[in-house]
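Listed below are the residues making up each chain.
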Amino acid sequence: MRLTVAEGEVIASGGERRLTLGAGEQVHWSRGRLGDRHRVDVDRVLAWLEGRLVFRDQPLGDILRELAPHHPDRLLLLDKGLAERRFSGTLDIADPDAALSALSQTLPLTVRRLPGVVILSR
């Protein structure tokens, strides 16, 4: 789980650790432990609240992980080399198929749809 503070201050605790986070900061919890705070671009991180995902020079593998919860089918990337290809842009999560089409127009990516799965390859 992660906590992102858009404005004001929030106190986060986990285990025996306690942090005060301000606007533009984020912290992760994993297995009941609180991680280190770090600065984030709040507009990018919270863009999903407005129905979009914003990426700045991010690997396709990470982008597909963020897009997967918004797509009704399983996304299967067959080419591990493609997972490292970088992308910058905004994707509309209200239409995840259009988001995949946008990725395929920008990257050397082929999108094939089968019942229950979308296969992504070169």
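Here the structure is shown first, and the text comes after it.
The residue numbering used here restarts from 1 in each chain and proceeds along that chain's sequence as written. The predicted nature of this model means local features are confined to residues of pLDDT at least 70 and side-chain atom pairs, given and counted, to a pLDDT of 80 or more, with totals for whole chains, interfaces and linings taken over all residues. Side-chain numbers come from the whole structure's heavy atoms, not from hydrogens or water.

J.: Residue-level account of the overall build of the chain, with values.
T.: Helix and strand definitions follow DSSP, with helices as H or I runs of at least four residues and strands as E runs of at least two, each counted in order from the N terminus. The helix and strand tally for the chain stands at three helices and 11 strands. Counting helices and strands in the order they occur from the N terminus, the chain gives β-β-β-β-β-β-α-β-α-β-β-α-β-β. For the chain, the C-alpha atoms occupy an extent of roughly 50 × 25 × 25 Å along the three principal directions. Relative accessibility under 20% of the residue-type maximum defines a buried residue, over 50% an exposed one, and the middle range a partly exposed one, all with a 1.4 Å probe and only protein chains included. Of all 122 residues assigned to the chain, the portion counted as buried reaches 36%. In the chain, 43% of the contacts between residues at least 6 apart in sequence involve partners at least 24 apart. Every accessible area reported is derived by Shrake-Rupley at a probe size of 1.4 Å, with residue values counting cover from the shown protein chains alone. Of the roughly 7600 Å² of accessible surface on the chain, 47% is carried by carbon and sulfur atoms. Once the 18 positive and 17 negative side-chain charges of the chain are each reduced to a mean point, those two points are 6 Å apart. Any two residues having at least one pair of non-hydrogen atoms within 4.5 Å are treated as being in contact. Counting rule for charge: Lys and Arg are taken as positive, Asp and Glu as negative, and neither His nor the chain ends is counted. All charge positions are set by atom: Lys at NZ, Arg at CZ, Asp at CG, Glu at CD.

J.: Please provide a residue-by-residue account of the nonpolar core, values included.
T.: Nine residue types can take part in a nonpolar core, namely buried Ala, Val, Leu, Ile, Met, Phe, Trp, Tyr and Cys, and a core is a set of them joined through side-chain atoms within 4.5 Å. Core analysis: the largest hydrophobic core is formed by 19 residues, its most contacted members being Leu100, Leu103, Leu109 and Leu120. Going through the elements one at a time, strand S7 (52-59), helix H2 (60-67), strand S9 (86-92), helix H3 (96-106) and strand S11 (117-121) are the ones with two or more residues in this core. By residue number, the principal contributor to this core is H2, which donates four residues. Once residues within four sequence positions are removed from consideration, leucine 100 is found in contact with Leu64, Leu67, His71, Leu75, Val111, Arg113, Val118 and Leu120.

J.: Break down H3 for me, with residues and values.
T.: Each α-helix turn comprises 3.6 residues. Residues three or four places apart therefore point the same way. Restricting attention to buried positions, one finds in H3 the residues Pro96, Ala99, Leu100 and Leu103. Looking straight down H3, one finds its buried side chains confined to an arc of 100 degrees; they lie on one side. Tucked inside the fold, the buried residues of H3 contact H2, strand S8 (74-77), S9, strand S10 (110-114) and S11. As used here, the arc is the angular range of directions from the helix axis to the C-beta atoms.

J.: Lay out H2 with the relevant residues and their values.
T.: When H2 is considered as a whole, its buried residues turn out to be Leu60, Gly61, Ile63, Leu64 and Leu67. All buried residues of H2 fall inside an arc of 160 degrees around its axis, so they share one side. Looking at the buried side of H2, the elements it contacts are S7, S8, S9, H3 and S11.

J.: Requested: an account of the pattern of salt bridges, with residues and values cited.
T.: For this document, the term salt bridge refers to a Lys or Arg side-chain nitrogen within 4 Å of an Asp or Glu carboxyl oxygen. Overall, the coordinates contain seven salt bridges when judged by the stated rule. Where arginine 86 meets aspartate 57, a salt bridge forms, and the shortest distance between an N and an O atom there is 3.5 Å. One end of the pair, arginine 86, is in strand S9; the other, aspartate 57, is in strand S7, and 29 residues separate them in sequence. Judged by relative accessible area, which is 43%, arginine 86 ranks as partly exposed. Accessibility expressed as a relative area gives 45% for aspartate 57, which makes it partly exposed.

J.: Describe the sheet that holds S10, listing the residues and the values that go with them.
T.: Whether two strands pair comes down to DSSP finding at least two bridges between them. One open sheet holds the three strands; their spatial order is S8-S11-S10, and the pairing between them is mixed. In this open sheet, the two edge strands, each paired with only one partner strand, are S8 and S10. Strand-to-strand, the axes of this sheet are offset by a mean angle of 20 degrees, without reference to chain direction. Strand direction decides the pairing type here: S10 and S11, joined by five bridges, are antiparallel. Opposite leucine 114, over in S11, you have valine 117 as the bridge partner. Axis definition: a line fitted to C-alpha atoms, limited for helices to the stretch in contact. Angles are taken between N-to-C directions and run from 0 to 180 degrees. In the packing of H3 onto the sheet, the strands contacted are S8, S10 and S11, and the crossing angle to S10 comes to about 150 degrees.

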